[in-house]
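Examining the three-dimensional arrangement
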Amino acid sequence: MTDLASMKRGEVRDYVRNLGMPAFRGDQIFTWIHRGADFAEMTNLPRSMQDRLREAAVAQPVSVMRSFQSRVDDTVKFLFSLRDGNCVEGVLMHYHHGYTLCVSTQVGCRMGCAFCASTLEGCVRSLSAGEMLGQILCANRFLGEKGRVHNVVLMGSGEPLDNYDAVIRFLNLLREEGGIGIGLRNVSLSTCGLVEKMRALADENLPVTLSLSLHAPNDRIRRMLMPVARVYPMEAVLDAARYYIERTGRRVILEYALVDGVNASPACARELAGRLRGMQCHVNLIPLNSVPERQLRGVTESQVRAFLKELELARISATRRREMGDDIAGACGQLRRHTLNSTEKREAADTDDETLFSPEGGGGGEDGRLPL
Ligand code: SAH
């Protein structure tokens, strides 16, 4: 089946032309898809055309399997189902400036970060551009008259830069004429720090905000939390971030989840500040969402304040991320795991053995993980 939602406008035109339809039908179909419509809802297409398309192609590759509305704020957590039976999560947050959707880029993840639930069973597969777009289309349909998604953060399950081509295609889809119309200035892409891909992204010259999951002030601690740090030393990752700043003129966001007894001491804050001096960046402190499968603890409010204070003293711009939808939540990947566990849909044998990021020539491995 042809994945129409992954296609640019011109590609949809070419596709319908090959089916013997006039090219302007392609523009109509493209716009319908970006409004979240299925073929049956494309009311300005002849019925015969709808039927023909339905046999050969898919308009909406994502649907909402379940949604959970927070009781403490307006946050909604979605479990999205994909056509092959896989599912991914998304979180819709309501800020004063509009709705933000956290979008997944892969089913699972192979980066193996010690605190993250998405990676516990490795990466099942990467999503197509249309499947990323489809998550936004589902959220827009869910919102209906209440509004639409204005901001997108690629911070759901998966490592966006490990699915580079599809992510770039998705970003370009967002700003196609007649499409969903989300400006790339309203998009943040979060990465665990794949250096070559960060540099390639900088060279694409797209005005997206880059978030870098740093989570440590030095390589020793970073390697305990993130196997990927065995492949890319922190200095190389920070250099790639500096390159991004230089090429795009945009400051980079550094994400830092505070883990008790690992990276949260005032000394860690001072060391971090030293490394970031002079860099056009902003540190986003994330309270650790505890994942039952990972025996890592978050920190107290006073530890967060002490850490922030050290950064402020060193004149490093920093804030603490607001926690939203705590009651429905779950950190990355928790909801999907709960569903998988409770329905026992997948068996252990189904999963890849790609949990750990294994670089060419070795270097990853068990020693890249916290001894849990
Ligand atoms: N793979 C990308 C994007 C997905 S995760 C990345 O690594 O950046 C989005 C953010 O949530 C990352 O900063 C990630 O490190 C963080 N995260 C994952 N699990 C978490 C948890 N249990 N508590 C707090 N933050 C978490």
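About the criteria used
- Numbers given to residues run from 1 along each chain, matching the order in which its sequence is written.
- Restriction of local features to residues with pLDDT of at least 70 applies here, the model being predicted, together with a cutoff of 80 or more for giving and counting side-chain atom pairs; totals for whole chains, interfaces and linings are based on all residues.
- Side-chain numbers come from the whole structure's heavy atoms, not from hydrogens or water.
- Helical segments are the DSSP runs of H or I of at least four residues, strand segments are the runs of E of at least two, and each set is numbered from the N terminus.
- Whether a residue is buried, partly exposed or exposed follows from its accessible area with a 1.4 Å probe, protein chains only, as a fraction of its type maximum: under 20%, in between, or over 50%, in that order.
- Any two residues having at least one pair of non-hydrogen atoms within 4.5 Å are treated as being in contact.
- The score called pLDDT rates the predictor's confidence residue by residue, from a low of 0 to a high of 100.
- The angle between two axes is taken between their N-to-C directions and runs from 0 to 180 degrees, where each axis is a line fitted to C-alpha atoms and a helix contributes only its stretch in contact.
- Roughly parallel here means an angle under 35 degrees, roughly antiparallel means over 145, roughly perpendicular means 65 to 115, and every remaining angle is called oblique.
- By definition, any crossing whose near helix is turned counterclockwise from its far helix by less than a right angle is left-handed, and any crossing with a clockwise turn is right-handed.
- Ten residue types, Ala, Val, Leu, Ile, Met, Phe, Trp, Tyr, Cys and Pro, are classed as nonpolar, four, Asp, Glu, Lys and Arg, as charged, and the remainder, Gly among them, as polar.
- Note on terminology: near, applied to a residue and a molecule or strand, indicates that one of the residue's heavy atoms is within 4 Å of it.
- Two N or O atoms count as a polar contact when they lie within 3.5 Å, although within protein this holds only if one can serve as hydrogen donor and the other as acceptor, and sequence-adjacent residues are included solely when both atoms are side-chain atoms.
- In this description, accessible areas are obtained by the Shrake-Rupley approach with a 1.4 Å probe, and a residue is regarded as covered only by the protein chains that are shown.
- At least two bridges found by DSSP between two strands are what make those strands a pair.
- It is the directions from the helix axis to the C-beta atoms that the arc portrays.
- Note on aromatic pairs: the rings of Phe, Tyr and Trp (six-membered ring only in Trp) are paired at centre separations within 6.5 Å, and the planes decide the class, stacked below 30 degrees, edge-to-face beyond 60, tilted for the rest.
- Throughout this description, the term charge over a ring refers to an Arg CZ or Lys NZ atom that lies within 6 Å of the ring centre and within 35 degrees of the ring normal.

Helix and strand counts for the chain come out as eleven helices and 14 strands. For the chain, the residues scored as buried account for 57% of the 372 residues in total. Restricting to contacts in the chain with at least 6 residues of sequence separation, those with at least 24 account for 68%.

A separate point is the confidence of the model for the chain. Here the chain averages 89 in pLDDT, and 86% of its residues register 70 or above. Long-range and interchain partners of residues 343-372, a stretch whose pLDDT sits below 50, account for 57 contacts in this model, where long-range means more than four residues apart.

Moving on, we come to the packing of helix α1 (residues 9-18) against helix α2 (residues 23-34). Between α1 and α2, the least distance of the axes is 7 Å, while the angle of their chain directions is 130°. As far as their axial angle goes, α2 and α1 are oblique. As for how α1 packs across α2, the hand of that crossing is right-handed. For the pair formed by α1 and α2, the contact residues are R9, V12, R13, V16 and R17 on the first element and A23, R25, G26, D27, I29 and F30 on the second. Residues belonging to the contact of α1 with α2 are distributed by class as follows: five nonpolar, one polar and five charged.

Near the ligand, the surroundings consist of 20 residues, among which F115, S190, S213, H215 and N289 are the closest. One of the side-chain nitrogen or oxygen atoms of H215 is found 2.6 Å away from an oxygen atom of the ligand. Burial of the ligand by the protein amounts to 95% of the accessible area it has alone, namely 530 Å². Of all elements in the fold, only β10 (187-191) and β13 (281-287) reach the threshold of two or more residues within the shell around the ligand. A per-class count over the shell around the ligand returns eleven nonpolar, seven polar and two charged.

So, about the pairing of strand β5 (residues 87-95). Of all nine residues in β5, seven are buried; the element is thus mostly enclosed. Here strand β4 (residues 76-82) pairs with β5 via six bridges, running antiparallel. Each residue of the ladder has a partner; that of F78, found in β5, is G90. Following β4, the chain reverses through four residues before pairing antiparallel with β5; G85 in that reversal takes a positive phi of roughly 95°. Pairing of β5 with strand β6 (residues 98-102) involves five bridges; the strand directions are antiparallel. Bridge assignment links M93 to a residue of β6, and that residue is T100. Counted between consecutive antiparallel strands, the loop separating β5 from β6 contains two residues.

Listed in full, the buried residues belonging to helix α9 (residues 266-276) are C268, A269, L272, A273 and L276. The arc that holds the buried residues of α9, viewed along the axis, is 135°, so those residues lie on one side. Looking at the buried side of α9, the elements it contacts are α7 (219-225), α8 (234-248), β12 (252-258), β13 and α10 (301-313). Of the residues flanking the end of α9, it is G278, one or two places downstream, whose phi is positive at about 85°.

On to the packing of aromatic side chains, then. Within this structure, the stated rule accounts for three aromatic pairs. Here F78 and F142 contribute two aromatic rings whose centre-to-centre distance is 5.0 Å and whose plane-to-plane angle is 85°, an arrangement assigned as edge-to-face. Residue F78 is located in strand β4, and its partner F142 is located in helix α4 (residues 129-143); the two are separated by 64 residues in the primary sequence. We classify F78 as buried; its relative accessible area is 0%. The class for F142 is partly exposed, based on a relative accessible area of 33%. With centroids separated by 5.0 Å and ring planes inclined at 40°, the aromatic side chains of Y256 and F307 adopt a geometry described as tilted. In this pair, Y256 is assigned in strand β12 and F307 in helix α10, connecting sequence segments 51 residues apart. By the burial criterion, Y256 is buried, and F307 matches it. Aromatic ring contacts, followed pair by pair, group F78, F80 and F142 into a single cluster. The ring of W32 is capped by R35, whose NZ or CZ atom sits 5.2 Å from the centre of that ring. Its end group placed over the ring of Y243, R199 keeps NZ or CZ at 4.9 Å from the ring centre.

Our focus in this paragraph is the environment of I221. The residue I221 is located in helix α7 in this model. Relative accessible area serves as the criterion here: at 3%, I221 is assigned to the buried category. When the C-alpha atoms of I221 and C268 are compared, they prove to be 9.6 Å apart, with 47 residues separating the residues in sequence. In this view, I221 contacts A216, V262, N263 and C268; residues no more than four positions away in its chain are not counted.

The next point concerns the sheet that holds β6. Read across the open sheet, the ten strands follow the order β3-β4-β5-β6-β9-β10-β11-β12-β13-β14; overall the sheet is mixed. Looking at which strands have only one partner, the edges of the open sheet turn out to be β3 (62-69) and β14 (318-320). Neighbour-to-neighbour, the strand axes of the sheet open up by a mean angle of 25°, direction not taken into account. The sheet strands contacting α8 are β11 (209-213) and β12, and the helix crosses β11 at an angle near 170°.

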